[in-house]
Amino acid sequence: MLAAAIAAEQPRVAAWLDRLAAIGADPPGITRHAFDDRENAAHALAIAEAERLGFEVTRDAATNLYLTWPGTDRTAPRIMLGSHFDSVRHGGNFDGAAGVLAAIAAVSALRATGFTPRADITIAAFRCEEAVWFGLGLIGSRAALGILPPDALDRRRADTGLTLAEHITRCGGDPSGIAPGRRLLPDGPIRCFLEAHIEQAPSLIEAGLPLAVCTGIPGNIRHAAIRITGEDAHVGLPRRFRHDAALAGADLFCALDALWAAEEAAGRAMAMTIGRFHTDTTKHELTVVAGDFTLSLDLRAYDAAHLAALERRLHAIVAEVAERRSVTIDLGPRNAAPVGPCDATLQSELAEAAARMGIATMPLGSPASHDAANFAAAGIPTGLLLIRNAHGSHNPREAMDTADLMAAAATFAELLRG
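These figures come from a predicted structure and were not determined experimentally.

Examining the sheet that holds strand S3 (residues 56-59)
Then, number 1: Taken in spatial order, the eight strands line up as S3-S4-S6-S5-S7-S20-S8-S19 in an open sheet, and their pairing is mixed. Two strands bound the open sheet, and with one partner strand each, they are S3 and strand S19 (361-364). Each neighbouring strand pair of the sheet contributes to a mean axis angle of 25 degrees, computed without reference to strand direction.
Then, number 2: Helix H2 (residues 37-53) rests against S3, strand S4 (65-69) and strand S6 (121-126) of the sheet, and its axis sits at about 10 degrees to S4.

Written as structure tokens, this is what we have:
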């Protein structure tokens, strides 16, 4: 009966995906701006589904959206599922949105079978998961859990220049209700948090499997605006006199890549990404030794102690490069996200639920951070399903099959009724 109910949901989910693509259409890809009309429109679609199902709809001060299927015992610890609707600029249609849709499809199918939950089941659509908008990721879930950094509300959105507080207000929220230590989640204890997300690497494509049960979510340390300052000079200046900021940037990049290779060879999983890497565009010329250089750094690991050790190595490398190249290196503002260990019991239960539905899975670490990481770091048992997806994410070529999304929905539904 459940399998038939899941199959009946697939056309509805496919239509949902088409409508989300239309909302976010921004050739060559999809853009659903955080705290703006397109994210609002996606939330409106979710609200319409909740109303169809007869679920309760609430928002918190940060305008995170909660859709609740009331249980027979409303004092019992609730189960939460969810993800986000915002995207990066010119991204794909599935990053984040697939997780909200999988949750809605799961509870809709369960409801169609006549099942009634004992405890409340709440689906969340968190605001602004992507870091591109305010230079800080996971904003909605951080706010919901009371762990948003104190300066976050004053951060300005990259394209509009308006502060996060101003955008929240424009969306009907209340920035004054957001504060460190103040949880905005629905009242009562939470039994667990579940999320589904497209995989952001080709591991499942390689394995030929629709789903993976995530073993852990990496924490990260981010420096969005590292500045290296040397001295501008003419191309004719001999090497021994130079304070070359560009070469210092290259040395830093290569040293961090060598660190990654060494850690990987030692069996310690991590990742290092330098996304911005450039000289000062107002001054750089063919015959100028660069006195200024800017880069960004995202450093990730699956263990908090390992991440802390990597940060110490970063500072040692920075000091060594600065001395050798006779430059100064300012790492600038530091942002961080906690390591998110997935609950071992939920990993087993998700794998078993998938198997009962005839769905093959594999264990797999997530290469990227997700809202689920904040729940795990807060001590709430957390489970994450990764959905097969070609060509990575954050680009127009995201390629998730709707049938694979329905496999995630089926797994959640089977777990929820167990």
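Examining the packing of helix H9 (residues 344-356) against helix H11 (residues 402-417)
Then, number 1: At a closest axis distance of 8 Å, the pairing of H9 and H11 adopts a crossing angle of 110 degrees. Between H9 and H11, the angle falls in the class roughly perpendicular. Note that H9 runs across H11; the crossing there is right-handed. On the side of H9, the interface is formed by Leu 346, Glu 349, Leu 350, Ala 353, Ala 354 and Arg 356, while H11 contributes Thr 411, Phe 412, Glu 414 and Leu 415.
Then, number 2: Among the residues forming the contact of H9 with H11, the class breakdown is six nonpolar, one polar and three charged.

Digging into the environment of Asp 18
Then, number 1: In this structure, Asp 18 sits in helix H1 (residues 2-24).
Then, number 2: Sequence spacing of Asp 18 and Val 213 is 195 residues, and the spatial spacing of their C-alpha atoms is 27 Å.

Quick notes on the pairing of S3
Then, number 1: When S3 meets S4, the two strands line up antiparallel, connected through four bridges. The partner of Val 57 across the bridge, within S4, is Leu 67.
Then, number 2: Between the antiparallel neighbours S3 and S4 lie five residues, among them Thr 63 with a positive phi of about 65 degrees.

Some points on the state of the cysteines
Then, number 1: In total, this model carries zero disulfides according to the counting rule given.
Then, number 2: Here Cys 192 is not disulfide-linked; the sulfur of Cys 342 is the nearest cysteine sulfur, at 12 Å.

Things to note about H1
Then, number 1: Here H1 spans 32 Å end to end across 23 residues, near enough to the 33 Å set by a 1.5 Å rise per residue.
Then, number 2: If you look at H1, its biggest bend is around 30 degrees, right at Gln 10, and the proline Pro 11 turns up within four residues after that.
Then, number 3: Residues of H1 that are buried sit in contact with strand S1 (25-26), strand S2 (29-30), H2, helix H3 (97-112) and H11.

Analysis parameters
Residues numbered from 1 in each chain as written. Predicted model: local features only at pLDDT ≥ 70, side-chain atom pairs only at ≥ 80, totals over all residues. Heavy atoms only, no water. Pairing = 2+ DSSP bridges. Helix = DSSP H or I, 4+ residues; strand = E, 2+ residues; numbered from the N terminus. Axes fitted to C-alpha atoms, helices over the stretch in contact; angles between N-to-C directions. Contact = heavy atoms within 4.5 Å. Parallel < 35°, antiparallel > 145°, perpendicular 65-115°, else oblique. Left-handed = near helix turned anticlockwise from the far one by under 90°. Nonpolar A, V, L, I, M, F, W, Y, C, P; charged D, E, K, R; others polar. Disulfide = S-S within 2.5 Å. Expected span 1.5 Å × (residues − 1). Bend = angle between axes of the 7 residues up to and from the residue.

No statement about biological role is implied by the geometric values presented.
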